[in-house]
Amino acid sequence: MNKKCANLNKRTLYAVFVVIMCLFCVLFMSACNKTESAATVSQRSYSAYVSYEYPDDIDVVRAVVSFSGKEENLLETKIGWRSVSYARNVWYNAQDVEIYVDGEALYDEIGRRMQDETHVHDGKLYHGLKVVFRYDTIYKSITSDAEAVARSGRYYRHSFALDDNANPRVCRLYLTTQNSASWYTMLIACVIVLAVVLLGVALAIKGRIWQKKKTKSE
């Protein structure tokens, strides 16, 4: 009888092992065979707004161009946007963004919009103009090729310096996010494996208890 019980336990553990291996094989074979999905490309143009900053240490007005602002500060010059979204691997998705900013057009338009009083702030006369493009985001995980990234409240501000030449500035952003479907699949598989293991252990213990009772009754 002990031999039969041992054989039963071995068969139970073997069945549990087979189920676990099958689950992991299905999961990882699916991951390995999953071809990288085609990249999704999106292109459009956005309206831009300008605001002004007046540094104390220099006499140059800092014109900050961004995607939000007051209606009276809406610019005619548009900002180009091109994003490429793709699966980096089975676990993570990525998005690469290129923002096309026409520095020459912005310098020209902002220079024309600025009135004489704009050059005077708190009694100080400002002689020059510096235009920068700023991208604000709440996501710390976004990286870029900006000259400066600073936190302001809940926002992370990426600042890109612009030149008044004919070549548009290409500002680049990079974002990596988790592939929720893959992580949830892994979590579900782990839960199933745990349930199967517990079931196997329970069956093995039950078999031993049954065998002991049967032995005593004999």
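Residues numbered from 1 in each chain as written. Predicted model: local features only at pLDDT ≥ 70, side-chain atom pairs only at ≥ 80, totals over all residues. Heavy atoms only, no water.

**Student:** Just to check I follow, could you spell out the overall build of the protein for this structure?
**Tutor:** Assigned secondary structure in the protein consists of three helices and 12 strands. Put simply, the protein has 218 residues, and 29% of those count as buried. Once local pairs closer than 6 in sequence are excluded, the contacts in the protein between residues at least 24 apart make up 68%. By element, 57% of the accessible surface of the protein is carried by carbon and sulfur atoms, the whole surface being about 14300 Å². (Helix = DSSP H or I, 4+ residues; strand = E, 2+ residues; numbered from the N terminus. Buried < 20%, exposed > 50% of the residue type's maximum accessible area, 1.4 Å probe, protein only. Contact = heavy atoms within 4.5 Å. Areas by Shrake-Rupley, 256 points an atom, 1.4 Å probe, with all protein chains shown as cover.)

**Student:** How should a nonpolar patch on the surface be read in this particular structure?
**Tutor:** A cluster of nonpolar side chains, I138, Y139 and Y155, forms an exposed patch at the surface whose accessible area comes to about 290 Å². Tracing the backbone shows Y155 in strand β11 (residues 155-161). (Patch = residues over 30% accessible without salt bridge, like charges linked within 9 Å, V, L, I, M, F, W, Y side chains within 5 Å. Salt bridge = Lys/Arg side-chain N within 4 Å of Asp/Glu carboxyl O.)

**Student:** Please explain helix α2 (residues 103-113) as it appears in this structure.
**Tutor:** Because each turn of an α-helix spans 3.6 residues, side chains separated by three or four positions end up pointing in the same direction. Listed as buried for α2 are G103, L106, Y107, E109 and I110. Check the buried side of α2 and you find it contacts β2 (49-53), β3 (60-66), β5 (92-101) and β8 (128-137). You can read the cap of α2 off the contacts: a side-chain oxygen lies 3.3 Å from the backbone nitrogen of E104, and it is on D102. (Polar contact = N/O pair within 3.5 Å; in protein donor to acceptor, adjacent residues only side chain to side chain.)

**Student:** Help me out: how do you make sense of the nonpolar core in this one?
**Tutor:** As a rule of thumb, nonpolar side chains are buried together in soluble globular proteins. Judged by nonpolar contacts, the single largest core of 26 residues is most densely connected at I99, I110 and F133. Those elements that provide at least two residues to this core are β3, β4 (79-87), β5, α2, β8 and β12 (169-178). Here F133 is in contact with V65, S66, F67, I99, V101, H158, S159, F160, L162 and C171, once residues within four sequence places are set aside. (Core = buried A, V, L, I, M, F, W, Y, C linked by side-chain atoms within 4.5 Å.)

**Student:** Explain the sheet that holds β8 to me, please; I cannot follow it from the model alone.
**Tutor:** Ordered by their spatial adjacency, five strands build an open sheet running β2-β3-β8-β11-β10, and the pairing between neighbours is mixed. Across the chains shown, the open sheet's two edge strands, defined by having one partner strand only, are β2 and β10 (148-152). Averaged over all pairs of adjacent strands, the angle between strand axes in this sheet comes to 30 degrees, irrespective of strand direction. Looking at chain direction, β8 and β11 are connected through six bridges and run antiparallel. (Pairing = 2+ DSSP bridges. Axes fitted to C-alpha atoms, helices over the stretch in contact; angles between N-to-C directions.)

**Student:** Looking at this structure, how should I read the pairing of β10?
**Tutor:** Each regular strand displays side chains that alternate between the two surfaces of the sheet. Bridging between β10 and β11 involves five bridges; their strand directions are antiparallel. Counterpart to S152 in the pairing with β11 is Y155. Following β10, the chain reverses through two residues before pairing antiparallel with β11; G153 in that reversal takes a positive phi of roughly 65 degrees.

**Student:** Sorry if this is basic, but what is going on with the pattern of salt bridges here?
**Tutor:** Proximity of charged atoms lets side chains of opposite charge pair with each other. In total, this model carries seven salt bridges according to the counting rule given. Close ionic contact of R134 with E53 constitutes a salt bridge, the shortest N to O distance being 3.9 Å. Of this pair, R134 sits in strand β8 while E53 sits in strand β2, and the two are 81 residues apart along the sequence. A salt bridge links D136 to R134; the shortest N-O distance between them is 3.2 Å. Its relative accessible area of 25% is what places D136 among the partly exposed residues. Owing to a relative accessible area of 12%, R134 belongs among the buried residues under this scheme. Beyond isolated ion pairs, a larger network of salt bridges with shared partners links E53, R62, R134, D136 and R157.

**Student:** Explain the confidence of the model for the protein to me, please; I cannot follow it from the model alone.
**Tutor:** Close inspection of predicted coordinates is inappropriate for parts of the model with low pLDDT. With 64% of its residues at a pLDDT of 70 or more, the protein shows a mean pLDDT of 79. Within the model, the stretch residues 1-6 combines pLDDT values under 50 with seven contacts to residues more than four positions away or in other chains. (pLDDT = per-residue confidence, 0-100.)

**Student:** What's the story with the packing of aromatic side chains in this structure? I'm lost.
**Tutor:** Given two aromatic rings, one states the distance between the centres and the angle between the planes to describe the pair. A full pass over the atoms with the stated rule returns eight aromatic pairs. Considering the side-chain rings of F67 and Y135, the 6.4 Å spacing of their centres and the 85 degrees angle between planes classify their relative orientation as edge-to-face. Here F67 is found in the loop between β3 and β4, whereas its partner Y135 is found in strand β8, with 68 residues between them in sequence. The class for Y135 is buried, based on a relative accessible area of 14%. Through a chain of ring-to-ring contacts, the aromatic side chains of Y46, F67, W81, F133, Y135 and F160 assemble into a single cluster. Of note, R44 hangs over the ring of Y46, and the distance from its end group to the ring centre comes to 4.2 Å. Taking the ring centre of Y155 as reference, the NZ or CZ of R154 above it sits at 5.5 Å. (Phe/Tyr/Trp six-rings, centres within 6.5 Å; stacked < 30°, edge-to-face > 60°. Lys NZ or Arg CZ within 6 Å of the ring centre and 35° of its normal.)

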